[in-house]
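Summary of structural features
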Amino acid sequence: MKSTIIVFCFFLLVALVTSISIPSINTKKWRLIEDVETKQRMWMTTEQISNLVGTPGKMLSFIDVTDNSDLEKNSVLSPVNFPSRPTQQAKVQPFLPKVDSETPATLNRVIGHLQSYPTRHCTTQTGVDAAKWLGAEFQKIIDGLPADRKSKMKVVLQSHSGWPQPSVVVIWQGSSAASDIVVLGSHIDSTARGGRAPGADDNASGSATVFETFRLLAQSNYVPSRTLHFHSYAAEEIGLRGSREIVSMFKSTNTKVRGMLNIDMTGWNPNNRNKIG
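Now for a description of the structure that goes with this document.

What follows concerns the packing of aromatic side chains. One pass over the structure, following the stated rule, counts 5 aromatic pairs. Between the aromatic rings of Phe138 and Phe211, the centroid separation amounts to 5.1 Å while the plane-to-plane angle is 70°, which identifies the pairing as edge-to-face. A residue pair is termed long-range when its members are at least 10 positions apart, and Phe138 in helix H6 (residues 125-143) and Phe211 in helix H8 (residues 200-218) qualify at 73 residues. Judged by its relative accessible area of 2%, Phe138 falls in the buried class. Between Trp172 and Phe214, the ring centres sit 6.2 Å apart and the planes meet at 80°, which makes this aromatic pair edge-to-face. Taken together, the residues Trp172 in strand S5 (residues 167-172) and Phe214 in helix H8 connect sequence positions 42 residues apart. With a relative accessible area of 0%, Phe214 lands in the buried category. One aromatic cluster is present, formed by Phe138, Trp172, Phe211, Phe214, Tyr222 and Phe230 through successive ring pairs.

The strand order across the open sheet formed by 3 strands is S2-S1-S3, and the pairing between neighbours is antiparallel. Bordering the open sheet on either side are strand S2 (41-45) and strand S3 (62-64), each of which pairs with just one other strand. The sheet shows a mean angle of 40° between the axes of neighbouring strands, direction not considered. Judged from the 5 bridges that link them, strand S1 (residues 30-35) and S2 form a sheet pairing that is antiparallel. Counted as the bridge partner of Arg31 is Met44 from S2.

For the structure on display, the rule yields 13 salt bridges. A salt bridge links Arg215 to Glu102, with the nearest nitrogen and oxygen atoms 2.9 Å apart. You can see Arg215 sitting in helix H8 and its partner Glu102 sitting in the loop between helix H4 (96-101) and helix H5 (103-114), a full 113 residues away along the chain. Taking relative accessible area as the criterion, Glu102 reaches 28% and is therefore assigned partly exposed. Residues participating in the shared-partner salt-bridge network are Arg31, Asp64, Asp67 and Arg241.

Take the sheet that holds strand S8 (residues 256-262) next. Each strand in a sheet pairs with another by means of backbone hydrogen bonds, the pair being arranged parallel or else antiparallel. The mixed open sheet is built from 5 strands, whose spatial order is S4-S5-S7-S6-S8. The sheet terminates laterally at strand S4 (153-158) and S8, the two strands that pair on one side only. Each adjacent strand pair in this sheet contributes to an overall mean axis angle of 20°, direction not counted. As defined by bridge partners, strand S6 (residues 177-187) adjoins strand S7 (residues 226-233) across 8 bridges and the pair is classed as parallel. Each bridged residue has a counterpart across the sheet, and for Ala177 the counterpart in S7 is Arg226. Packed onto the sheet, H8 meets S4, S5, S6 and S7 and runs at close to 145° relative to S6. The strands touched by helix H9 (residues 241-252) within the sheet are S4, S5, S6, S7 and S8, with S7 carrying the most contacts at an inclination of about 150°.

How each quantity is defined
- Residues numbered from 1 in each chain as written.
- Predicted model: local features only at pLDDT ≥ 70, side-chain atom pairs only at ≥ 80, totals over all residues.
- Heavy atoms only, no water.
- Phe/Tyr/Trp six-rings, centres within 6.5 Å; stacked < 30°, edge-to-face > 60°.
- Helix = DSSP H or I, 4+ residues; strand = E, 2+ residues; numbered from the N terminus.
- Buried < 20%, exposed > 50% of the residue type's maximum accessible area, 1.4 Å probe, protein only.
- Pairing = 2+ DSSP bridges.
- Axes fitted to C-alpha atoms, helices over the stretch in contact; angles between N-to-C directions.
- Salt bridge = Lys/Arg side-chain N within 4 Å of Asp/Glu carboxyl O.
- Contact = heavy atoms within 4.5 Å.

Below, the structure is given as structure tokens:
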């Protein structure tokens, strides 16, 4: 009798183990989101993440840390002594006439084209098309340069595994400290996945600013000592995913990033004031 009970219990245990599976997280549907303010993390669906953007009272500053939850671990921030006043006027001043005469038209053209897409959401074909167009515009600038100058530059459409839109990465090799990287970045995606989101301000304006900065520098006699990167990231609106993947690549190769300036919503002027700073 006891042996019969033991055999029965054994088969019951086997049946339970084989029929009950431990649930796993489907990271295509569920994402680990960190609130930038509180540092709290929670699992959310992609639909819930979409609702975070532009909803009053909702968490507006968040990061998707699902694929790189320990990205900041062991990161080294070198101390920097920032100047108390501008120190590079001699290098900047020669560009100002072109900024006055050419930059408004360039910004209007680039922003005008980028906002013509119904949406630049990272999951949409129009988001892909917008990134490819911007990459091609960078390439046109490079193609028009002398051979020795354009040989130092290249455009990379950096693909991502979680969505179709690539990030646009333009690399300009430095002359004497090429292993040091300085990044000027923005994001090219916009918010709406199923609706209309032309995103003229957020963030066609930032992408246009990065593009125009590259154009002005590339078409001058300026030669950077450090390697310059001009980035326009995909998937910023769903948790900085494009930029975090690129930072992960930098970290895995021990790339030295000496500085980064992020350009976001430079077209935002709520009080109609012409003010910088």
